[in-house]
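Chains, contacts and geometry: an overview
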Amino acid sequence: MRVIDSHTEGEPTRVVIDGLPDLGKGSMAERRRIFAERFDHVRSFAVNEPRGNDAVVGALLCEPVDPTAAAGVIFFNNVGVIGMCGHGTIGLAVTLAHLGRLKPGTHRFETPVGDVTVDLLGRNEVEIENVPAYRYRKAVAVDVSDIGTVVGDIAWGGNWFFLVSDAPYALTMSAIPSLTRAADATMRALAAAGIKGEDGGKIDHVEFFGPPADPAANSRNFVLCPGGAYDRSPCGTGTSAKLACLAADGKLAPGVEWVQESIVGSRFQAKYRPGAEGRIIPRIRGRAYVVADATLLRDANDPFADGMRSGE
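Residues numbered from 1 in each chain as written. Predicted model: local features only at pLDDT ≥ 70, side-chain atom pairs only at ≥ 80, totals over all residues. Heavy atoms only, no water.

Examining helix H1 (residues 28-38)
Those residues of H1 that sit buried are Met28, Arg31, Ile34 and Phe35. Seen end-on, H1 carries its buried residues on one side only, within an arc spanning 120°. (Buried < 20%, exposed > 50% of the residue type's maximum accessible area, 1.4 Å probe, protein only. Helix = DSSP H or I, 4+ residues; strand = E, 2+ residues; numbered from the N terminus. Arc of directions from axis to C-beta.)

Right, here's the structure in full:
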């Protein structure tokens, strides 16, 4: 399996270029279903130890359904498939440019949750127009073990998020273990209480906010992703969900820039335009850098030939 590794503002993306399973010619949502049901061992092989780690997000490069689209993509991580991935989309665009398959300009990628517009601005800089985002519920309270009552908004930005404005700990690198435990406990409490997104969607991301370290930014965040790894980038879908909440509260006007700082200090520039039915259309700008071009090998005699599955 040939892969190209990159990082977007610190968060790794592994694009699978060759060696993909046959997922048919259906939509990206249908191909994602087939991938999850029949080829979970391929997912684990590509991103889990000993070839990867919990922070790596994989991206299967697929032939698009619509030939006018630049690419189709299915995102996955250490525990399963995911919907949309903002940092991964930026990483994919820079990877395709690195391979000579994408030129500066405006392009369209097909994802399992809808099409996204990709503006390749230069060798490393990309702005994406995400799928529509919206806040589903405001000020939802949940009792969390060892923390107490946690109040947050439920919003969609391509994945389901629980956004907490007041982080339980300072948003510093040294507090990452405590933040991880708190976010994991919050996610478990939401599940135990039956709190979900619209149409029963699982809330699989928890996002804490606080003041930025850099005064040029508007806020700092900590995002816990499904599988227990924290996002090194400011999280593209999480920033989209944040914009939806700000717009719903009248705290951010269309077209006004919001600078989101990550727990490691990297930043996304974001803004939105109004969408249909109370939704917004977010735009996220960030940088990605290619760091490796590799071939992943499988030895049938290796006890971890298909990677170390989560919990094993």
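After that view, the rundown keeps rolling.
As for the layout of surface pockets
In this structure, the largest pocket encloses a volume near 350 Å³. Lining the largest pocket are 20 residues; nearest its centre among them are Arg32, Val81, Ile82, Gly83 and Asp204. Looking at the lining of the largest pocket, its residues break down into ten nonpolar, six polar and four charged. (1 Å grid on protein atoms, 1.4 Å probe; cavity = no way out; pocket = protein on both sides within 12 Å on 5 of 7 lines; lining within 4 Å. Points joined across faces, edges and corners; volume = space filled by probe spheres on them. Nonpolar A, V, L, I, M, F, W, Y, C, P; charged D, E, K, R; others polar.)

Quick word on the side chain of Asp204
Mapped onto the fold, Asp204 is located in the loop between helix H4 (176-192) and strand S11 (205-210). The buried charged residue Asp204 lacks any salt bridge partner; its closest oppositely charged side chain belongs to Lys202, at an N-O distance of 6.4 Å. When sequence neighbours within four positions are dropped, the list of residues in contact with Asp204 reads Asn159, Trp160, Met187, Leu224, Cys225 and Pro226. (Lys, Arg positive; Asp, Glu negative; His and termini not counted. Salt bridge = Lys/Arg side-chain N within 4 Å of Asp/Glu carboxyl O. Contact = heavy atoms within 4.5 Å.)

Considering the nonpolar core
Counting residues in hydrophobic clusters, the biggest one holds 65 residues, and the most contacted among them are Phe109, Phe162, Phe208 and Phe222. For Phe208, the contacting residues outside a window of four places in its chain are Val164, Ala167, Pro168, Leu171, Leu179, Ala182, Ala183, Thr186, Arg220, Asn221 and Phe222. (Core = buried A, V, L, I, M, F, W, Y, C linked by side-chain atoms within 4.5 Å.)

Focus on the packing of H1 against helix H2 (residues 40-47)
Running from N to C, H1 and H2 cross one another at 85°; their axes reach a closest spacing of 5 Å. As judged from the angle between their axes, H1 and H2 are roughly perpendicular. Contact residues: H1 offers Phe35, Ala36 and Arg38, while H2 offers Asp40, His41, Val42 and Arg43. For the contact of H1 with H2, the per-class residue count stands at three nonpolar, one polar and three charged. (Axes fitted to C-alpha atoms, helices over the stretch in contact; angles between N-to-C directions. Parallel < 35°, antiparallel > 145°, perpendicular 65-115°, else oblique.)

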